[in-house]
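Structure at a glance
In case you want the letters, here they are:
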Amino acid sequence: MSENNIFEMESLCDAEELQDAELRVMEEEVVYPEEFLPTYHSIKEGSTVAKAQQAEFNGKADSLFFNDGVRRIDYILVYEDEDKKDFEKRHTFQRRKRRREYFEASLMKMGIELEATPSVIDEKLTFVKVHMPWEVLCTYAEVLHIKLPIQLNDLSSRPSAWRFFSCVTKYFYPNEELIRKEAEFFTAPFEKDRLDYFLVKDQDLFFTQAMRSRMAFYILSRAPFEIRGCTKKFGINKLLDTGVYKAAYPLHDCRFNVPSKEEGCPSERFLLYNEWAHPKSFYKMQPLDLIRKYYGEKIGIYFAWLGFYTIMLALAAVVGLACFIYGYKTQETSTWSKEVCDSNIGGKLVMCPQCDSCKYWTLNNTCDTSKKLCIFDNFGTLVFAVFMSVWVTLFLEFWKRYQAELEYQWDTVEFLEQEEPPRPEYEAKCIHERKNPVTGVKEKVPFTSCGRCVRVSIGIGTVLFWIMLILASIVAITVYRLVVFITFSAKLRNNDLKDLEPIKEYVTPQMATSVTASIISFVVIMILNMLYERVAIWITDFELPRTKTDYENSLTLKMFLFQFVNYYSSCFYIAFFKGKAVGYPGQPVYLLGKYRNEECDPGGCLIELTTQLAIIMGGKAIWNNIQEVLLPWVKNLIFRYCTQAASEKVTPRWEQDYQLQPSSKLGLFYEYLEMVIQFGFVTLFVASFPLAPVLALLNNLFEIRVDAWKITTQFRRIVPEKAQDIGAWQPILQGVAILAVATNAMIIAFTSDMIPRLVYYWSFSVYPYGEYPTNTMEGYINSSLSVFNIADFNKNVRNANISMPSNFTTCRYRDFRFPPGHHREYEHNVYYWHVIAAKMAFIIVVEHIVYFTKFILSYVIPDVPYAVKEQIKREKYLTQVILHETNLKLVTRRLKPARDDDTTRKDAEIRKEEMDLDF
C-alpha cells in the first residue's frame, strides 16, 4: 500500500524553518490539541519505546481480565509476529514492527495498560489486551459527553394499555426472570469535577462495557504510530489496512450457547441468543434494552425500527391479503373477462399483429391472462392503494413517537452534532483556519469554501454519470424486450412448444418476454450494485464529511439515489411508458428508427408489472439471505476446520472471537438499505401487487431473527456507537411515502384498465352512446378495441404476415379511435377524451384527498408523547439544580476556610434534604 493511502496531517512549515522544526519535534510536537486527546504526550523520536507486558495464557477460557484477574479487557489487538516469519521476508516487515511498537508505546503514554499473550492455536499470532484505568475512563467520558446516572427516575410510568391482557401477552415477551428490567435514572453528561453527584457505587461497573469499548476505540483511532518532522500518522484503521495489525475488536462476554463460568459475568450474549436470536424465540418481542446495552444505541435503534416496521406491516398484510382473496373469488364473475374467454366473442375477434413480423391471433388466446388480471385489477385494489397511502403516514408518525420514547430512555435526546467527535480522517486534513460561526472561535478545517464546492461538484457529477449509466442499461433492456418479443411471437404463434405441453397454454409472448427481461434486469441490478458501491464510497471519502453521522448520511443519500434508479426504473418503465406511445397498426412508432415499440397485452401492462415486482422482490430476498447468512457461516466453518488440530486445547475468549467474522466498515448501512428498498416496493407499486406487504412481512419476520443470529453468533462484537435516530433514512422514507401517493394513483389511472371500465359502465354502455337500457359491463371488450382495415397495412407488413386471414378484412387493436371509412378515420374518438378526462380527474381528486388526510394525521399525532415531554423537562430541571448546587459549593469553598470532613459531609446532607424538599 502506498504512503498516500495513510492519513497524514502536515503542518504548514516554511522551507527555511523545516530544520529547526525537526530539532524541536521531540519536545513540542503533539498530534492533537488537549480537547481531543487530553492524556496524550508525545514520545521523543528515536528514544527507546516501552513495550507491552508479556504474559502466558492462564488457562481460563471465559476470563475477560488480564492475568491478574483485576484489570478488565476493554479491547483486543491482534498482530502476526514478524520475528517468526521467514528470514527472506523479514526485512520487509521491520517497518510494520516499528510502527506497532511506537503505537503501543503511545497508548501506554496515554495511561492505557497493555498485556500481550501469544496464541494457543497459531504460534505466529499475538493478542494484545487493552485496559483503560479509572482516570482515563473519566477523562474520555467527559470528552465524549457520555451521559451517566445522577438520580433515580422518580416519575412513574403510565401503565400499558395491554396490562389487562398480561396473562396472554407475557408469552410473547422475553423471560423476565432472565432479562430483568433495569432501573431508570436521570442522567447528565459526565464531568470529573462533579464526580460526587454521580451515582458511583462501584468503579468497575460504573461505566458499562459498551461505554468502555467506545472510549477505547476513540483513543485507538487517534493514537499516533509514526511522527516524521511535520508529518504525523495515526489511527488503528490505517494500521489494520496496512497489515500492521490483523484485527481489532471488543470482546463478547461469553460463548453464544454456553453461559460464562466467571463469577459476576452477566452472560448477556448467551441471554440474547436464547431469548432473541434462537429460532425458537421467533414469536417473542425483542429485548431492545439489552440489545442497546450490549451493542450500543445504533444497533438498538435499527432493531427497534425493524421490529416496529414489521408490526405495522402485519396490518397492511391483512388488508392486502383480503383484497387478493376478493380478486381471486371474483375472477370467474368478471363480465369483461368472460367476454375475452367466450368463443363467440373473444374467439371471433381477430387481433392485429403486435410487431411487423408477428401474426394475427384471436383475443381468447389471452383468456388465462385476463383471469389472472382480474385478481389484481379490481375495485379492491383501489381501496387498498388508498389505505396504503394512509398506512404509510400512520407508520411514519407513530414511529416518530416511538423513536422519541427511545431517545429519552436511551439518553440520546440532546445528542447534538458538536457532541459527536470528528472522524480521524477529517481531523488529519485540518490545515486551514476559519472562524466558527456558532462559537466565534478559530478552528481548523480541511479545505476552504471554494475547495468544498469543487469536491461537492465532482461528487454530484460522478453520481449523475452513474445514474445515466443505469438509464442506458434500462434502454438496452427495453431494446431486448422489443427484439425478443418478435422472436417469441413468431415461435409461440406457430405452437412450437411441444416440450412444454403442460404449461403451453399459459405461455404468451408478453409473459415470456416479461419474465426473461425481469431476470436479466435483476442480474444487471446486482452487477451494477457491486460496481457503484465502491464508487459511492470513493466519492464520500473524497468529500471528507466531518463526523461519522455526516459520512453515513452522505453515503446513504448517494447509494439510495442509485438504488432507487437501479431497482425501480424497470418498474416505472412498465407502469408508465410501455404501451403508451405505440401509434396504431397503420402508423406504429419505432424506437431508434428500427424497433417497433412494445405494446401491452389487451388486458393491460398491470400483470407484467406484478410479475416484475414478484421476481425482483423474491430474487433480492434470496440473494441477500445468501450473502448475510450462508457466506459468514461457511467462512467460519472453514476456519474451524482449518484449526481442528488445536480444537482440544483450551481457547481463551479473545481467540474464540478472533475466529469469527469482522463486522462491516459500513455497519448497518446495507441492512437499512435492504429494508428501505423493500419499503419502496411495498408502497410505490402496491396498487399492482396487493400481496407485496404479505411477502414483506414474511421476509421481515425471518430477517429480524437472521440479523440477530448473525451478529450474535457469526460476527465479532460490534464497536458500540451512539445514535439518536435512524439518520438520513427518515427523510428518505418520508420522500418515498409522498411519492407513493402519486405513483399508485397513476398506476390505477394509466396502467390499470379500471378507469376505462368505469367510464364505459357509467356513460358508454347506456344512451346516448350505448345500446343497453341500464348500466352494464356487457360489450366493454368490443367497445375498448378499435377497428383497422387490413388493406391499410403497408406493403412490407402485409408480406411479413403470411397468415393473413382470407375471410377477414379488418382486425382489432387496443385503442379508442374512429373506424376505417369515417371522415376522421384512425383519429381518437370521444371515448378516448372521456377516458383521459376521467384519469386526470381521478389523479387530482385522489391525490388531494390522500395528501389532505396525511396532513391532518401528521398534525393530530404529535411527534413526542406528552409523558416524554414531561420527563425531559423534569430531567433538565434536575440537572440544572444539581449543577447550580455544585457551583455554589465551589464558590463556598473558595470564600470560607476549609472545615472538617464531618462538618462538610453534614452540610452536604442538609443541603440535599433541602433540595429534595424543593422538588
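Residues numbered from 1 in each chain as written. Predicted model: local features only at pLDDT ≥ 70, side-chain atom pairs only at ≥ 80, totals over all residues. Heavy atoms only, no water.

1. What about the overall build of the protein chain?
When its secondary structure is counted, the protein chain shows 29 helices and 20 strands. Buried residues in the protein chain amount to 51% of all 919 residues. Of the roughly 45200 Å² of accessible surface on the protein chain, 59% is carried by carbon and sulfur atoms. (Helix = DSSP H or I, 4+ residues; strand = E, 2+ residues; numbered from the N terminus. Buried < 20%, exposed > 50% of the residue type's maximum accessible area, 1.4 Å probe, protein only. Areas by Shrake-Rupley, 256 points an atom, 1.4 Å probe, with all protein chains shown as cover.)

2. Some details on the pattern of salt bridges
Applying the stated criterion across every chain, the model contains 24 salt bridges. The shortest N-O distance in the salt bridge between Lys-246 and Glu-80 comes to 3.9 Å. Note that Lys-246 is positioned in the loop between α8 (236-241) and β10 (247-249) and Glu-80 in strand β3 (residues 75-80), a separation of 166 residues in sequence. Judged by its relative accessible area of 45%, Lys-246 is partly exposed. Among the salt bridges present, the one from Lys-293 reaches Glu-268, with a minimum N-O distance of 3.0 Å. Taken together, the residues span a long stretch of sequence, with Lys-293 in helix α10 (residues 288-295) and Glu-268 in helix α9 (residues 268-277) at a distance of 25 residues. Residues joined in a network through salt bridges with shared partners are Asp-377, Asp-753, Arg-757 and Arg-814. (Salt bridge = Lys/Arg side-chain N within 4 Å of Asp/Glu carboxyl O.)

3. Examining the packing of aromatic side chains
For the structure on display, the rule yields 53 aromatic pairs. Ring geometry for Phe-395 and Phe-679: centres 5.8 Å apart, planes at 40°, overall tilted. Here Phe-395 is found in helix α14 (residues 379-409), whereas its partner Phe-679 is found in helix α21 (residues 669-684), with 284 residues between them in sequence. Relative accessible area serves as the criterion here: at 0%, Phe-679 is assigned to the buried category. Plain terms: the ring middles of Tyr-760 and Tyr-780 are 5.6 Å apart, the flat faces sit at 65° to each other, and that makes the pair edge-to-face. Taken together, the positions of Tyr-760 in helix α24 (residues 754-764) and Tyr-780 in helix α25 (residues 780-784) put the pair 20 residues apart, joining distant regions of the chain. Relative accessible area serves as the criterion here: at 1%, Tyr-780 is assigned to the buried category. Over the aromatic face of Phe-66 sits the side chain of Lys-129, whose NZ or CZ is 5.9 Å from the ring centroid. Positioned over the ring face of Tyr-294 is Arg-717, at 3.7 Å from the centre of the ring. (Phe/Tyr/Trp six-rings, centres within 6.5 Å; stacked < 30°, edge-to-face > 60°. Lys NZ or Arg CZ within 6 Å of the ring centre and 35° of its normal.)

4. A word on α10
Looking at α10, one finds that the buried residues are Leu-288, Leu-290, Ile-291, Tyr-294 and Tyr-295. Along the axis of α10, the buried residues cluster in a sector spanning 160°; they form a single face. Buried residues along α10 sit in contact with α7 (209-220), α9, α11 (297-330), α14 and α22 (692-714). (Arc of directions from axis to C-beta. Contact = heavy atoms within 4.5 Å.)

5. Focus: the state of the cysteines
Tallying each qualifying case throughout the model produces two disulfides. The residue that forms a disulfide with Cys-341 is Cys-367, at a sulfur-sulfur distance of 1.9 Å. Note on the Cys-341 and Cys-367 pair: the S-S dihedral is about 100°, so by sign convention the disulfide is right-handed. You can see Cys-341 sitting in helix α12 (residues 335-341) and its partner Cys-367 sitting in helix α13 (residues 367-376), a full 26 residues away along the chain. Note that Cys-352 is cross-linked by a disulfide to Cys-811, the S-S spacing being 1.8 Å. One disulfide, between Cys-352 and Cys-811, carries an S-S torsion of 90° and so falls in the right-handed class. In this pair, Cys-352 sits in the loop between β11 (350-351) and β12 (361-362) while Cys-811 sits in strand β20 (residues 810-814), placing the two residues 459 residues apart along the sequence. (Disulfide = S-S within 2.5 Å.)

6. Some details on the packing of α14 against α21
Relative to each other, α14 and α21 sit at 145°, their axes nearing to 10 Å. Counting all contacts with α14, which are made through Met-388, Trp-391, Val-392 and Phe-395, the residues of α21 involved are Phe-679, Val-682 and Thr-683. For the contact of α14 with α21, the per-class residue count stands at six nonpolar, one polar and no charged. (Axes fitted to C-alpha atoms, helices over the stretch in contact; angles between N-to-C directions. Nonpolar A, V, L, I, M, F, W, Y, C, P; charged D, E, K, R; others polar.)

7. Here we look at the side chain of Asn-744
Locating Asn-744 in the fold gives a position in helix α23 (residues 729-751). In contact with Asn-744, other than residues within four places in its own chain, are Ala-385, Thr-683, Leu-684, Phe-685, Val-686 and Ala-687.

8. Structural notes on the sheet that holds β3
Spatially, five strands are ordered β2-β4-β5-β3-β10 in an open sheet, and the strand pairing comes out mixed. A strand with exactly one partner marks an edge of an open sheet, and here the two such strands are β2 (53-54) and β10. When strand β4 (residues 113-118) meets strand β5 (residues 125-131), the two strands line up antiparallel, connected through six bridges. Within the sheet, the bridge partner assigned to Glu-115 lies in β5 and is Lys-129. In this fold helix α3 (residues 94-109) packs onto β3, β4 and β5, with an angle of close to 160° to the strand it touches most, β3. Here α7 sits on the sheet and contacts β3 and β5; the angle it forms with β3, its principal contact strand, is near 45°. (Pairing = 2+ DSSP bridges.)

9. Description of the packing of α14 against α23
α23 packs onto α14 with a crossing angle of 170° between their chain directions and a minimal axis gap of 9 Å. With respect to α23, the element α14 is oriented roughly antiparallel. For the pair α14 and α23, contact is made by Leu-382, Ala-385, Ser-389, Val-392, Leu-396, Trp-399, Lys-400 and Gln-403 and by Gln-730, Leu-733, Gln-734, Ala-737, Val-741, Asn-744 and Ile-748, respectively. A per-class count over the contact of α14 with α23 returns nine nonpolar, five polar and one charged. (Parallel < 35°, antiparallel > 145°, perpendicular 65-115°, else oblique.)

10. With respect to the nonpolar core
Counting 134 residues, the largest nonpolar core has Trp-305, Trp-391 and Phe-681 as its most contacted members. Other than its neighbours up to four places away in sequence, Phe-681 contacts Tyr-567, Tyr-568, Cys-571, Leu-613, Ile-616, Met-617, Val-686 and Ala-692. With 47 residues, the next largest nonpolar core counts Ala-188, Met-215, Leu-239 and Val-868 among its residues. (Core = buried A, V, L, I, M, F, W, Y, C linked by side-chain atoms within 4.5 Å.)

11. Quick word on the confidence of the model for the protein chain
Across the protein chain, the average pLDDT comes to 79, with 80% of residues at 70 or higher. Here residues 1-34 is modelled with pLDDT under 50, and outside its nearest four sequence neighbours on either side it reaches 67 contacts, counting other chains as well. Across residues 910-919 the pLDDT falls below 50, and counting only partners more than four positions away or on other chains, this stretch makes seven contacts in the model. (pLDDT = per-residue confidence, 0-100.)

12. Concerning the side chain of Thr-713
Looking at the element boundaries, Thr-713 is found in helix α22. Assessed through its relative accessible area of 3%, Thr-713 is described here as buried. Among the polar contacts made by the side chain of Thr-713, one reaches the main-chain carbonyl oxygen of Trp-709 at a distance of 2.5 Å. At 3.2 Å, the side chain of Thr-713 forms a polar contact with the side chain of Gln-714. Those residues in contact with Thr-713 that sit more than four places away from it in its chain are Phe-256, Arg-269, Tyr-273 and Leu-660. (Polar contact = N/O pair within 3.5 Å; in protein donor to acceptor, adjacent residues only side chain to side chain.)

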